[in-house]
Number of protein chains: 2
Amino acid sequence: MNQDSTARIVAGLTTWIAAAPPGARVPSTRTISAQYGASPVTVQKAMRRLGALGLVESRPGVGTFVRAVRSIRPADHGWQASALGAPPNRTSALSSTQRAVSPDAIGLHSGYPAVELLPERLIRQALARAARTDAAVTRAPAAGLPDLQAWFAAELAAAAPAGVTSATARDTLVIAGSQSGLSSIFRAVVGPGRPLLIESPTYWGAMLAAEQAGVVLVPVASGSQGPDPDDVERAFAESGARAFYAQPNFANPTGGQWPQATSQAVLETVRRHGAFLIEDDWAHDLGIDADSQPIAPFDDDGHVIYLRSLTKSVSPALRVAALVARGPARERILGDRAAESMYVSGLLQAAALDVVTQPGWRTHLRAVREQLRARRDLLLAAVEEHAPQAFIGGRPRGGLNLWARLPEGTDVARVVRDCESRGVIVAPGTEWFPAEPSGPFVRLNYASADPSRFTEAAGILGGVLGES
Amino acid sequence: MNQDSTARIVAGLTTWIAAAPPGARVPSTRTISAQYGASPVTVQKAMRRLGALGLVESRPGVGTFVRAVRSIRPADHGWQASALGAPPNRTSALSSTQRAVSPDAIGLHSGYPAVELLPERLIRQALARAARTDAAVTRAPAAGLPDLQAWFAAELAAAAPAGVTSATARDTLVIAGSQSGLSSIFRAVVGPGRPLLIESPTYWGAMLAAEQAGVVLVPVASGSQGPDPDDVERAFAESGARAFYAQPNFANPTGGQWPQATSQAVLETVRRHGAFLIEDDWAHDLGIDADSQPIAPFDDDGHVIYLRSLTKSVSPALRVAALVARGPARERILGDRAAESMYVSGLLQAAALDVVTQPGWRTHLRAVREQLRARRDLLLAAVEEHAPQAFIGGRPRGGLNLWARLPEGTDVARVVRDCESRGVIVAPGTEWFPAEPSGPFVRLNYASADPSRFTEAAGILGGVLGES
């Protein structure tokens, strides 16, 4: 990773400029060149970048100067209160899983895997190749690059049993990450004021998107074995909902995987109620003891709307996912996507397709499986030994997280705060519940932090829990 | 642009497979290798890609075969009608500006500039560089890369008069193209059922986003000199609207640029009504006889929400734009973006920042200005000579389009159809009107088609109009 010398000089001078008075003369190219051991060309490049950032201005023949800052008076935004009116829903604060924390802290809160778990070489090669193609300078079709649509469709078709008509490439929309897919589905297929069944606990991002769409959440209890199909049946009957959002494989946060019988029963229930199952296969590439077994390939008649992202298995910078939907639902969702974003960068699509069609991709997935297994088992053992008060119901068969129940009555916010003050960041379970939490939980990500620090982290968690 | 041999073989075999019966044996690597003059390694790479696309399956030691297609029965999506209910608004068909057409046709309908007008070398170099940095494998912050935020903010600050406090980097959100910004602003700042003033005619994409957000449009007549400020005043007073969406510079479709006095008067009106001006500076880098002169730098108190995209001036594949908003409006919009998409690919942001901070960027913009001028003048002269029935009110001072009024009573749909059957694609003006069109118009893009065919195109348009 090239922390190149231009960036180094820009960073250094930015700090210098922040402390310098406006109009101060910036040291000469020769001085900076000597100080950073960089060539004059590199220094001049850094100066141009500072100029473009509006931090310095150069007067030809005179020198370069810190740009005069305009006088700042406090702006009055009070008038906006009446223009904006009351907010449509509770302010959506950033989830704790998205926080950037000190590099010294042990971050068990993240929703993403560490860079070591990404196919870094494949990504860089694919991007370099895509940069040389038409994809770098042209607009992609609204529904996605045809070859990438076909790849996603073929993956589903390969899992279809005999006699079931698979979704086609045409049914597959390429979107910029599954979050935008959730937003579009909730807006276009459910709609404001209408009910949506949702597992409890479940992914906070889905609840955020549902809230933005004005959808009414109907929680259905779920856990390591998924929901009770009778519960799902009752919830459909009582609420009149026509859709159920779920993560049948390696659910976030519980890590649960639905048994085959549950999947079949829920699909039957959904059919009987003329409803949609919105299947979020977020950890499709992140199985450990089992593969993800999506329900979508068993559906003939467009009851399952399927989401599957490459963000977590390829790279968070190649923000590409597939949304598979059939019939009028597909048309409505495509219309919503067009209004929302028109199309997804073809460059990212071309690079993602390149990565997943390389022979190295399968090899990479096998290696990641072993790394996830080792990380999961290590953190689990560390928690069992050093923080026995945190109860982990079952060893998740895939995904990135452990879901730990704390002793009844534990103040989760205090635990999170006290852990953080000792350098361990954990995510409060509260964020994954659509209503009141069913108990005190924390989510511990085993895929992000340095595994050599898991024991230390578990020790700190154990210490904090011991003080309750 | 590398149409590489792997891609050539994949394309050839895909055609062959489409005609072959399921189970047919694919020719041997040696045969294909000879046929395409490619190495066996290249052929095997192509076969792997076909396998990944689900088109062939290989049986080790036996050969490679066309994959058996599953039996297709017509699926029944009828049940979805009652699950989905009535559509929330008229179906948003794809705009005619987004159509892909035969490569032989002369496309005057597009909304994008030709590849020759893009800084192709800078784009490819920037992407290759970004592919080697952390940006390729990490998640970007929700509001954008700080350096890119700072660049956008500095551009606005440079245009601010003395005594006006500029928006800062913190007020600048990086978004994936201005379309998603429009959607978020209309949802978060205006809201469903509430009125929004909008120029007529105006950008169809803004109307599409407004419709998706359930906003009620209040048209204000506009043209090459922008709207009449008294009209804007009356529309605010009568409708009770708290927001006005406008393109004060090189408006799409008219090409109009508001005189300074209009900009000042409208900003005053907006302030007096405690309202927002949503300023879409879509053609910021596409000035010809004038520079874009945004209104945002004259605003102190967060009345102007400013949008400025790099999609059209850098590359449609580097889908990056800035949304500048201050005060509570910024918080609401940021919340909506988080729910909608979490973050924008840091790779695209890093590459875009690289392009616009290269010395070659300014040189490129100057060259584009001359190319746009030459193209505009050429198409204008051709239309005046060969299609005099199409009246073009004024030479647009920037942007990509001519806006031509056809003789009263012309059937625009017929003109579009007849032009297309003779190989010229024009966009019907109807799409740019929020209500009934004020007359028969077509929009002619001078930045996309081959200029050597402008005379031919104008001749065909003139011929079609002569037959009315």
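Rules and cut-offs
Residues numbered from 1 in each chain as written. Chains lettered and ligands numbered in written order. Predicted model: local features only at pLDDT ≥ 70, side-chain atom pairs only at ≥ 80, totals over all residues. Heavy atoms only, no water. Phe/Tyr/Trp six-rings, centres within 6.5 Å; stacked < 30°, edge-to-face > 60°. Buried < 20%, exposed > 50% of the residue type's maximum accessible area, 1.4 Å probe, protein only. Helix = DSSP H or I, 4+ residues; strand = E, 2+ residues; numbered from the N terminus. Pairing = 2+ DSSP bridges. Core = buried A, V, L, I, M, F, W, Y, C linked by side-chain atoms within 4.5 Å. Contact = heavy atoms within 4.5 Å. Polar contact = N/O pair within 3.5 Å; in protein donor to acceptor, adjacent residues only side chain to side chain. Axes fitted to C-alpha atoms, helices over the stretch in contact; angles between N-to-C directions. Parallel < 35°, antiparallel > 145°, perpendicular 65-115°, else oblique. Left-handed = near helix turned anticlockwise from the far one by under 90°. Nonpolar A, V, L, I, M, F, W, Y, C, P; charged D, E, K, R; others polar. Least-squares fit on C-alpha atoms with pLDDT ≥ 70 in both. pLDDT = per-residue confidence, 0-100. Domains from an automatic or database assignment. Salt bridge = Lys/Arg side-chain N within 4 Å of Asp/Glu carboxyl O. Buried area = accessible area lost by both parts, 1.4 Å probe.

A. Here's a closer look at the packing of aromatic side chains. Across all of its chains, the model carries 18 aromatic pairs over all chains by this definition. Between A:Trp151 and A:Phe152, the ring centres sit 5.2 Å apart and the planes meet at 70°, which makes this aromatic pair edge-to-face. The pair formed by A:Trp151 and A:Phe152 is uniform in burial state, with each residue classed as buried. Each ring, one from B:Phe433 and one from B:Phe441, has its centre 5.9 Å from the other, and the planes form 40°; the classification is tilted. For the residue pair B:Phe433 and B:Phe441, the accessibility class agrees, reading buried in each case.

B. Main features of the environment of A:Arg48. Note that A:Arg48 resides in helix 3 (residues 40-52). Counting along the chain gives 38 residues from A:Arg48 to A:Val10, while the straight-line C-alpha distance between them is 9.6 Å.

C. Spatial organisation of the pairing of strand 7 (residues 243-246) of chain B. Residue and element names in this part refer to chain B. The side-chain alternation of strand 7 yields two buried faces, one formed by Ala243 and Tyr245 and the other by Phe244 and Ala246. Across 2 bridges, the pairing between strand 5 (residues 195-200) and strand 7 is parallel. Within strand 7, the residue paired with Leu197 across the bridge is Phe244.

D. Structural context of the nonpolar core. With 58 residues, the main nonpolar core has A:Leu127, A:Leu347, B:Leu127 and B:Leu347 as its most contacted residues. Elements that contribute at least two residues to this core include exactly helix 5 (120-130), helix 6 (146-158), helix 12 (346-356) and helix 13 (359-386) of chain A together with helix 5 (120-130), helix 6 (146-158), helix 12 (346-356) and helix 13 (359-386) of chain B. When residues no more than four places from it in sequence are discounted, the contact partners of B:Leu347 are A:Leu127, A:Ala317, A:Leu347, A:Leu348, B:Leu127, B:Ala130, B:Ala131, B:Ala135 and B:Ala136. Grouped together as the second largest cluster of nonpolar side chains are 45 residues, A:Ile185, A:Ala188, A:Trp403 and B:Met342 included.

E. Up close: helix 14 (residues 412-421) of chain B. Residues and elements named next belong to chain B. Listed in full, the buried residues belonging to helix 14 are Val412, Arg414, Val415, Val416, Asp418 and Cys419. The secondary structure elements touched by the buried residues of helix 14 are strand 13 (424-425), strand 14 (427-428), strand 15 (441-445) and helix 15 (454-466). N-cap assignment for helix 14: the residue whose side-chain oxygen lies 3.2 Å from the backbone N of Ala413 is Asp411.

F. Inspection of the packing of helix 14 of chain B against helix 15 of chain B at higher detail. Residue and element names in this part refer to chain B. For the pair helix 14 and helix 15, the least separation of the axes is 10 Å and the interaxial angle reads 130°. Viewed along their axes, helix 14 and helix 15 adopt a mutual orientation that is oblique. Relative to helix 15, the crossing made by helix 14 is right-handed. For the pair helix 14 and helix 15, contact is made by Arg414, Val415, Asp418 and Cys419 and by Ile460, Leu461, Val464 and Leu465, respectively. Of the residues belonging to the contact of helix 14 with helix 15, the class tally is 6 nonpolar, no polar and 2 charged.

G. Representation of the relation of the copies chain B and chain A in the model. Superposition of chain B onto chain A requires a rotation of 180° combined with a translation of 0.0 Å along the rotation axis, giving an RMSD of 0.1 Å. The transformation just described matches what one would write down for a two-fold rotation axis. Every residue of chain B has its C-alpha some distance from the rotation axis, and the shortest such distance is that of B:Ala128, at 2.6 Å.

H. Expanded view of the confidence of the model for chain A. When pLDDT is averaged along chain A, the result is 92, and 96% of the positions lie at 70 or above. This complex was scored by the predictor with a pTM of 0.85 and an ipTM of 0.85.

I. Looking closely at the domain arrangement of chain A. Residue and element names in this part refer to chain A. Here chain A is partitioned into domain 1 (2-66), domain 2 (96-112 + 361-466) and domain 3 (121-357). Relative placement of domain 2 and domain 3: their C-alpha centres are 26 Å apart. Across the boundary between the two partners, domain 2 contributes 25 residues, which contact 33 residues of domain 3. At the junction of domain 2 and domain 3, the tally comes to 3 salt bridges. Its salt-bridge partner being Asp289, residue Arg376 comes within 2.7 Å of it at the nearest N-O pair. Counting only elements with at least two residues in the side of domain 2 that touches domain 3, the list comes to helix 13 and strand 12 (401-405). Among the elements that take part in the side of domain 2 that touches domain 3, helix 13 stands out by supplying 7 residues, more than any other.

J. Representation of the interface of chain B and chain A. Taken together, the contact between chain B and chain A spans 103 residues of the former and 103 residues of the latter. When chain B packs against chain A, close to 8700 Å² is buried across both sides, 54% of that on carbon and sulfur atoms. Looking at the side of chain B facing chain A, the largest losses of area belong to B:Leu84, B:Val137 and B:Met342, adding up to 8% of the total buried there. The interface formed by chain B and chain A holds 4 salt bridges in total. Residue B:Arg187 is joined to A:Glu340 by a salt bridge in which the shortest nitrogen-to-oxygen separation is 3.1 Å. In this assembly, chain B and chain A are joined by 52 residue pairs in polar contact (both at pLDDT 80 or more). Those elements giving two or more residues to the side of chain B that touches chain A turn out to be helix 3 (40-52), helix 4 (80-84), helix 5, helix 6, helix 7 (178-190), helix 8 (204-212), helix 11 (328-341) and helix 12 of chain B.

K. Broad picture of the sheet that holds strand 5 (residues 195-200) of chain A. All names here are of chain A. With respect to topology, 7 strands assemble into an open sheet ordered 4-10-9-8-7-5-6, the strand pairing being mixed. In this open sheet, the two edge strands, each paired with only one partner strand, are strand 4 (172-175) and strand 6 (216-221). Put simply, the sheet's adjacent strands are angled 20° from each other on average, direction ignored. Across 4 bridges, strand 9 (residues 304-309) lies against strand 10 (residues 321-324) in antiparallel orientation. Looking at the pairing, Tyr306 lines up with Val324 of strand 10.

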